[in-house]
Every structure is written in C-alpha cells, then in structure tokens.
Amino acid sequence: MQRRSTSVVRESVRLLQRVGEYAAACVSFACVAMALFVARDVAASPMPPAAENLRLEDAPDDAGGVLVVFWKTPDPAVSAGVVIERSLTAAERAKNADELWIEVERLGRDAVAGVDGSYVLKGVPIDEDTRVRVSILGTDGELSEFVESAPARPEVSLFAFKRLPLLLTVIVVSLSVLVWVALARSGRPLKIRRIAALDAVDEAVGRATEMGRAVLFVPGIQDMNDIQTIAGLTILGRVAQTAAEYDARLEVPTCRSIVMTAAREQVQAAHHAAGRPETYAEGNINYITDEQFGYVAYLSGHMMREKPAACFYMGAFYAESLVLAENGNSIGAIQIAGTAEPSQLPFFVAACDYTLIGEEFFAASAYLSGERDQLGSIKGQDVGKAFAIGAILIGTALATIAALNEGGSLGMWAGSAVASMRGFFGG
Amino acid sequence: MLQRTIPLLILSASGLILILSYFSPITETWSEQVVSWFNILAGVAFVLGAGNLLAVNLEKISSKRPGWAYSAITLVSFGAMLVVGLSKWGAVPDAKHPDVHLAGSQDSTQAGYGWAYEYVLSPLTATMFALLAFYVASAAFRAFRAKNFEAILLLGTAFIILLVQIAAGAFLTNWIPEDSFFAFLRAESLKAIVTEVFQTAGMRAILIGIALGTAATSLRLILGIDRSALSKG
C-alpha cells in the first residue's frame with residue numbers, strides 16, 4: 001500500500017516536471033517568437049535617414065515674400081512624409097523669445113514619393129534672412145534628424161522673364177494695330193468683309209416694329225470689368241439707335257447694377273443720335289438680379305409672356321445660353337447672338353439665326369462705328385492672326401519632320417526646334 | 001468735355017496699370033488696388049440696382065398690373081433676406097470674438113441666411129439648371145436634321161460621339177484588332193480623333209481669334225480710339 005502510494009507520488013512529480021518542461025519550452029518559444037516579431041517590426045521601419053542637399057532659394061519672377069525649399073529624400077521606401085519648419089521672424093521672436101523654430105507644414109507621403117522634393121514657402125519677410133529645417137517622417141511616425149538650410153532672403157523681381165514671349169507678342173500685335181490705324185488715317189483704302197449678323201440688326205429691329213412687339217437685348221451675365229460686356233454694350237448702342245429710328249420698344253434687363261447704368265447711358269445717347277431724345281424710356285432698362293439662374297428665370301418668363309420679336313444676346317454667357325436661345329426660338333423671334341465664350345458658341349449657333357463668333361464679336365464695335373481709325377485696328381489685328389498662322393505652320397512642319405525622321409539628325413534638330421517653340425509660346 | 005476726358009483717363013490709367021502689373025511683379029499691388037476700386041464702385045452701384053428693383057416692383061403692385069403678386073413675393077423675399085442677412089440672425093459665433101454677434105459666420109445652415117441659401121435658393125437654382133437637359137434635347141433635334149451638308153456633318157459627328165460614349169460603341173468595334181490598319185475605327189480611337197484633333201483644332205483657332213480680338217479691343221479702349229463705352233455727355 002505504502003509502495004503504491006510512493007509510486008503515485010513519484011509519477012505525479014514526474015508529470016509535474018514534464019508539465020514544467022513543456023511550460024518552460026512554451027514560454028521560451030513565445031519569447032523567441034516575440035523577439036523575432038519585434039525584430040521583424042524594427043527591421044521593417046528603421047529610423048528614416050535625414051534629408052540631403054537641402055536648399056532654400058528665392059522664387060523667381062514674383063513680387064517677393066516667397067522662397068522655395070528643395071531637398072532629397074535618401075530612402076523613399078522608409079519615408080512617410082516630411083516636416084518643414086522655418087526660423088521665427090524678428091517680430092515673432094519679440095513675442096516669444098524661447099522658440100527658435102515654427103512648424104509651417106507637415107507633408108504626406110506624396111512629398112517623399114520621389115527622391116527630389118520641394119515646397120513653396122509663402123509669407124516670408126523680404127527684409128530679413130530666413131532659414132528652414134527639414135525632417136523626414138518615418139513609416140512608424142519617428143522623425144529623422146533635422147537638417148538646417150543656409151539663410152535666404154526673397155527678392156522682388158522687376159520683370160517676369162517667363163512672360164517675355166507674351167510681352168513680345170503683345171508688342172507685335174499692338175504695333176501692327178497702331179500702324180494700321182495710322183495708315184487708315186492717311187487715307188489708305190480698307191476692305192473689311194461684311195458681317196452678316198450685324199447687317200441683320202436692321203432687319204430684326206424692323207420686323208419687331210412691323211409686328212408691334214419689343215426688341216430684347218441681353219448684355220450677358222458679367223460685370224463691366226469683362227471685356228465682353230463692354231463689347232456687348234457697344235453693339236447695344238447701334239441696336240438702340242436703330243430702334244429709336246424705327247420707334248421700336250427696346251428692353252434691356254441686366255444682371256449687374258453698373259451694367260444697367262452703362263446701358264442707360266448707351267441707349268440715351270443712341271436716342272439723341274437718332275434725333276429722338278423724347279422717346280428714350282429709362283424704365284425699359286432694369287436691374288433684375290445678380291443670381292445667374294434667377295436672371296434666367298426672369299428672362300424665360302418675360303420672353304414667354306411678352307414674346308419679343310427680336311432677341312439679341314451680346315456678352316458673356318455660360319449655362320444659360322441655350323435656355324435663352326431655345327426660349328427665343330420657341331416664340332419665333334429673330335435671334336442674333338455674340339459671345340467670346342467658346343463653350344457656349346455651339347449652343348448659340350444651333351439655336352440662333354445669326355452668331356458673332358469670338359473675334360467677330362469684338363470687331364463689331366469697330367465695324368458698326370464705320371470710323372477709319374477703328375476699321376484700321378481690325379486690319380492690325382489681322383497681322384497678329386498672320387503671325388499666329390505662320391507659327392502654327394512652322395510648328396506643324398517641324399513636328400512632322402521630327403516624327404518622320406525620328407532618331408536622325410534632321411529629326412533631332414526639328415524636335416529641338418519644336419521644343420524651343422513650345423518653350424517660347426509657353427506650351 | 002470733362003465727362004468724357006476724365007473717365008477716359010481713368011480707363012487708360014487702370015488698363016495700363018493692369019498690363020504693367022502682369023509683366024512686372026513689383027507693381028502687383030497696384031493692380032490689386034485698381035481691382036479694389038472696381039469692387040467699391042460695384043458695391044455702391046448695387047444700391048442703384050436695389051433701388052431700381054424696388055421702384056419697378058412697387059409700381060407694378062400699386063398699378064395692379066398682371067402678375068403683381070409675383071412682384072409682392074419678390075419684395076417680401078428681398079426684405080426678408082436683407083433683414084436676416086444684415087442682422088446675422090442665427091449666425092455661428094466667431095471663435096476669436098464669441099461675444100461680438102456681428103463677427104459670426106453665416107455660411108452654415110444654422111444661420112438664417114445660410115439656411116435660406118441652402119434650402120430655398122439652391123434648390124430653385126438647381127431646378128432651373130435641370131431644365132437645361134430638355135433644352136439640349138430640343139436644340140439637338142433641330143440642329144441634327146440633315147437638311148444640308150453642314151448639318152449632315154454635324155449629325156454624323158454627333159452620332160459617332162453618342163455611340164462611343166455608350167457600351168454599344170465598344171461592343172460594335174471591339175472585334176477590330178488594336179494593331180491592325182483599321183484600328184482607327186475602334187470606338188475609343190474615333191472619339192479621340194473627333195475630340196482631340198477636329199474639336200481641339202477648331203477650338204484653338206477660335207481662341208486665338210478671341211485673344212487677338214480682346215487685345216485689339218483693349219488697345220482701342222485704352223488709347224481712346226473707341227469711345228463708345230464712355231458717356232456721350
């Protein structure tokens with residue numbers, strides 16, 4: 001009995017020893033696994049290396065106050081972002097003497113995706129030196145060592161050299177306009193092609209007079225700081241004069257207060273020029289609303305109720321162009337439109353009887369005035385057009401040569417010439 | 001005389017400053033000043049517009065002309081928005097100046113002005129804009145009638161674009177091998193040819209004309225050759 005109990009105890013102790021061995025083995029395995037896991041984690045996200053080649057340079061062709069920070073990210077694979085700090089300005093240091101740096105931006109992964117990174121630092125004082133320091137942000141959120149730049153100071157540029165080609169183009173066009181104005185003054189004969197839409201003004205106003213209905217003139221939805229509105233109001237002068245001569249009622253609902261005032265001036269002057277100042281009715285030229293679709297709602301309703309016999313749309317138009325033109329079409333009005341918004345031209349062409357396309361719209365003012373000075377300016381404009389056509393032809397020829405003789409010396413020369421032209425014209 | 005000369009001088013000076021500031025960054029602040037002048041003028045002119053709006057609608061109501069009820073609604077809405085907007089009713093207090101009611105923001109729908117903008121004006125505007133779809137359909141129906149050569153061209157182009165925008169375009173042309181001579185007949189190629197060659201070429205031609213027209217018109221105005229936009233005094 002005693003021997004049996006001794007063996008049971010021995011067996012139990014042995015079992016406990018075995019369990020202890022297993023437990024120790026499990027703990028050891030867990031420790032090893034944990035160590036390996038930690039080691040793997042550390043290996044996957046090592047401390048990112050610090051930024052290299054940090055430069056701080058003045059942004060060219062600006063009014064000052066802007067510096068550009070450049071850096072190289074040594075290992076984009078272990079970088080998750082970048083922290084940019086700048087030195088405090090004298091005014092900021094006066095308020096807070098303890099701080100030397102202030103964080104200006106914490107950029108994400110995109111900033112370190114490539115080796116070369118840059119950041120535009122704005123609002124920099126132009127009368128004192130500024131420094132920046134950059135730290136690369138690791139994938140685990142740790143920051144690399146900060147790298148500090150040399151001091152830099154933004155400069156104010158007197159001339160934006162990147163816009164030199166445009167300035168030269170403006171000078172060429174302006175000179176050609178002035179030369180043609182001078183030639184026109186000296187009596188040189190000028191031939192300007194007829195613009196059907198402008199010749200149709202008399203017909204449209206005459207039809208409205210015969211039908212005893214109004215003439216509607218819409219000067220676009222932009223303010224007087226838009227050149228299209230000015231061009232539209234110039235045409236309004238001619239339409240108003242014809243309406244005054246025919247004694248037709250002209251209505252001008254406007255979308256802007258200043259346009260209403262300017263339109264009243266134009267129409268009043270046109271009535272004076274027609275010799276019928278007493279027929280001028282200020283109440284026919286009204287301000288409706290600045291809200292685009294509120295204006296459209298008014299015009300649509302007005303057109304359906306009053307059914308004007310002639311509708312003119314001259315100025316800057318956007319989504320409302322087709323709504324207006326289709327409403328005018330549905331009431332059977334003669335419609336003449338003019339705009340320099342390329343995206344709206346197809347709608348006007350589809351729904352109106354006549355359309356002044358782009359440059360015709362701007363030439364209308366000179367065309368309607370009949371003055372030699374102004375007609376000369378249209379001819380001058382043609383020189384600019386010839387210049388553009390020449391550049392397009394040369395560019396097309398060079399690009400074709402470059403494509404046909406790819407790899408050859410002629411093709412390489414043509415390719416570099418095309419690249420130079422692109423650079424010159426800002427392409 | 002002065003009525004035309006002084007506005008012409010202001011116009012010329014403003015125009016030259018804007019051109020100068022585009023090419024010379026040092027004068028950028030001058031152009032900002034000129035733009036501020038215009039904004040001040042436009043702000044003051046708004047009083048004229050509002051006065052005109054009141055006069056026209058009050059006259060319509062007093063003479064009981066047809067549709068006078070709409071004028072009444074216009075004036076009530078105008079007055080309500082003016083009161084709510086100027087009093088900043090329900091404005092969200094500003095974080096820096098929470099005690100100053102007028103410093104609050106009206107952008108959110110918590111403010112009366114923001115609420116009216118978001119839940120009254122925006123739906124009405126969207127409704128008007130949505131009508132555009134029907135106008136496009138009606139204009140397209142009329143423009144695409146093959147009555148002459150140009151209309152046939154327009155119809156053909158529109159047909160190609162409509163076809164390649166839908167699944168049928170790909171379904172009908174996917175059998176053409178991409179590396180064959182006829183690959184240009186595949187839907188995506190046809191679309192690219194129309195939009196990137198013909199459309200881009202035409203649009204650029206129009207844009208060049210517009211740019212030259214704008215430059216010449218601006219020059220005529222700045223130099224006083226075209227005075228039609230000025231008061232005839």
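Residues numbered from 1 in each chain as written. Chains lettered and ligands numbered in written order. Predicted model: local features only at pLDDT ≥ 70, side-chain atom pairs only at ≥ 80, totals over all residues. Heavy atoms only, no water.

## Here's the deal with the overall build of chain B
Here is the rule: We count a stretch as a helix when DSSP gives it H or I for four or more residues in a row; a strand needs E for two or more, and each element gets its number in order from the N terminus. Within these notes, the globule rule equals 2.2 Å times the number of residues to the 0.38 power, and the radius of gyration is based on C-alpha atoms. Exposure classes here rest on a 1.4 Å probe applied to the protein chains alone. A residue is buried below 20% of its type maximum, exposed above 50%, and partly exposed in between. Any two residues whose heavy atoms approach within 4.5 Å are treated as being in contact. Using a 1.4 Å probe, the Shrake-Rupley method yields the accessible areas, and only the shown protein chains count as cover for residues. Here Asp and Glu are counted as negative and Lys and Arg as positive; His is not counted, and neither are the chain ends. For this purpose, a charge sits on NZ of Lys, CZ of Arg, CG of Asp or CD of Glu.
The helix and strand inventory of chain B stands at 8 helices and 0 strands. When the elements of chain B are put in sequence order from the N terminus, they spell out α-α-α-α-α-α-α-α. In terms of overall dimensions, chain B is more spread out than a globule: its C-alpha atoms have a radius of gyration of 28 Å, far above the 17 Å expected for 233 residues. Overall, chain B is about 70 × 50 × 50 Å in size when its C-alpha atoms are taken along their principal axes. Expressed as a percentage of its 233 residues, the buried residues of chain B come to 27%. Considering only intrachain contacts with a sequence separation of at least 6, the fraction spanning at least 24 residues in chain B is 28%. Roughly 15,300 Å² of accessible area belongs to chain B as shown, and the carbon and sulfur atoms make up 73% of that amount. Counting 15 positive and 13 negative side-chain charges, chain B places the centres of these two groups 16 Å from one another.

## Section: the domain arrangement of chain B
Frequently, the measure chosen for interface size is the accessible area removed from exposure when the parts meet. Using the following cut-off: Reported domain spans reflect what an automatic or database domain assignment gives.
Structurally, chain B comprises domain 1 (1-87), domain 2 (88-130) and domain 3 (133-222). Computed over C-alpha atoms, the centres of domain 1 of chain B and domain 3 of chain B are 39 Å apart.

## Focus: the packing of aromatic side chains
What counts, and what does not: Pairing of aromatic rings covers Phe, Tyr and Trp, the last through its six-membered ring, and needs centres within 6.5 Å; plane angles under 30 degrees mean stacked, over 60 mean edge-to-face, and all others mean tilted. We count a charge as sitting over a ring when the NZ of a lysine or the CZ of an arginine lies within 6 Å of the ring centre and within 35 degrees of the ring normal.
Applying the stated criterion to the full structure yields 12 aromatic pairs over all chains. With 6.3 Å between their ring centres and 90° between their planes, Tyr313 of chain A and Phe317 of chain A make a pair best called edge-to-face. The pair formed by Tyr313 of chain A and Phe317 of chain A is uniform in burial state, with each residue classed as buried. Residues Phe181 of chain B and Phe184 of chain B carry aromatic rings whose centres are separated by 6.4 Å and whose planes lie at 80° to one another, so their mutual orientation is edge-to-face. We classify Phe181 of chain B as exposed; its relative accessible area is 69%. Following the ring pairs from residue to residue traces out a cluster consisting of Tyr313, Phe317 and Phe348 of chain A. The ring of Phe146 of chain A carries Arg133 of chain A above its face, with NZ or CZ at 4.1 Å from the centroid. Here the guanidinium or amino end of Lys64 of chain B rests over the ring plane of Trp68 of chain B, the centre of that ring lying 5.4 Å away.

## Describing the pairing of strand 3 (residues 79-87) of chain A
The side chains of a regular strand alternate between the sheet's two faces. All names here are of chain A. Basically, it comes down to this: The pairing criterion is simple: DSSP has to find at least two bridges between the two strands.
With 9 of 9 residues buried, strand 3 is to be regarded as a mostly interior element. Where strand 3 meets strand 6 (residues 132-138), 7 bridges bridge the pair, whose relative direction is antiparallel. Each residue of the ladder has a partner; that of Val83, found in strand 6, is Ser135. Pairing between strand 3 and strand 4 (residues 101-107): 6 bridges, direction antiparallel.

## Describing the side chain of Thr173 of chain B
Residues and elements named next belong to chain B. Inspection of the secondary structure assignment puts Thr173 in helix 7 (residues 167-173). Its relative accessible area of 13% is what places Thr173 among the buried residues. Apart from the residues within four sequence positions on either side, Thr173 is in contact with Leu185, Arg186 and Ala187.

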